[in-house]
Amino acid sequence: MADLAKPLRDKLRERGCLFVRRGKGDHDIWHSPITKRNFPVDSKIKSRHTANLVLKQAGIPEKF
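An account of the accompanying structure is given in this report. Bear in mind that the values here come from a model prediction, so they are computed numbers and not experimental data.

1. Quick word on the nonpolar core
- Membership of the largest hydrophobic core comes to 13 residues, with the highest contact counts inside it found for L8, L12, C17, F39 and V41.
- At the level of elements, α1 (5-14), β3 (37-42) and α2 (48-58) are the ones that each hand at least two residues to this core.
- The leading source of residues in this core is α2, at four residues.
- Excluding residues within four positions of it along the chain, V41 makes contact with L8, R9, L12, D26, H27, D28, W30 and V54.

Okay, here's the thing in structure tokens:
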């Protein structure tokens, strides 16, 4: 399985999402200008389902 964390972060940056801070454990907190909310992003994402859930939380309609 491929690590989807880097492509996911690239996609978030392309859509204007910003890194806010380090979270607990191995999570980072990001902010979406689309939804105006913060959301967690794991540092190691192996599942496309998890990556798609993060995109949904960010308000981005794209999928992996």
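2. Digging into the pairing of strand β1 (residues 18-22)
- Judged from the four bridges that link them, β1 and strand β2 (residues 27-32) form a sheet pairing that is antiparallel. In the strand pairing of β2, F19 is matched with W30.
- As consecutive antiparallel partners, β1 and β2 are separated by four residues, and within that stretch G25 has a phi angle of approximately 65 degrees, a positive value.

3. Considering the pattern of salt bridges
- This structure, assessed with the given rule, holds six salt bridges.
- Close ionic contact of K11 with E62 constitutes a salt bridge, the shortest N to O distance being 3.2 Å. Taken together, the residues span a long stretch of sequence, with K11 in helix α1 and E62 in the segment after α2 at a distance of 51 residues.
- Of the residues examined, K11 reaches a relative accessible area of 15% and is grouped as buried.

4. Considerations on the packing of α1 against α2
- Following both chains from N to C, one finds α1 and α2 inclined at 15 degrees, their axes separated by 11 Å at the closest point. Between α1 and α2, the angle falls in the class roughly parallel. Pair α1 / α2 crosses with right-handed handedness. Taking contact as the criterion, the partners of L8, K11 and L12 in α1 are, on α2, A51, V54, L55 and A58.
- Here the residues of the contact of α1 with α2 are counted per class, giving six nonpolar, no polar and one charged.

Rules used in this analysis
Residues numbered from 1 in each chain as written. Predicted model: local features only at pLDDT ≥ 70, side-chain atom pairs only at ≥ 80, totals over all residues. Heavy atoms only, no water. Core = buried A, V, L, I, M, F, W, Y, C linked by side-chain atoms within 4.5 Å. Buried < 20%, exposed > 50% of the residue type's maximum accessible area, 1.4 Å probe, protein only. Helix = DSSP H or I, 4+ residues; strand = E, 2+ residues; numbered from the N terminus. Contact = heavy atoms within 4.5 Å. Pairing = 2+ DSSP bridges. Salt bridge = Lys/Arg side-chain N within 4 Å of Asp/Glu carboxyl O. Axes fitted to C-alpha atoms, helices over the stretch in contact; angles between N-to-C directions. Parallel < 35°, antiparallel > 145°, perpendicular 65-115°, else oblique. Left-handed = near helix turned anticlockwise from the far one by under 90°. Nonpolar A, V, L, I, M, F, W, Y, C, P; charged D, E, K, R; others polar.

In short, shape yes, function no, at least from these values alone.
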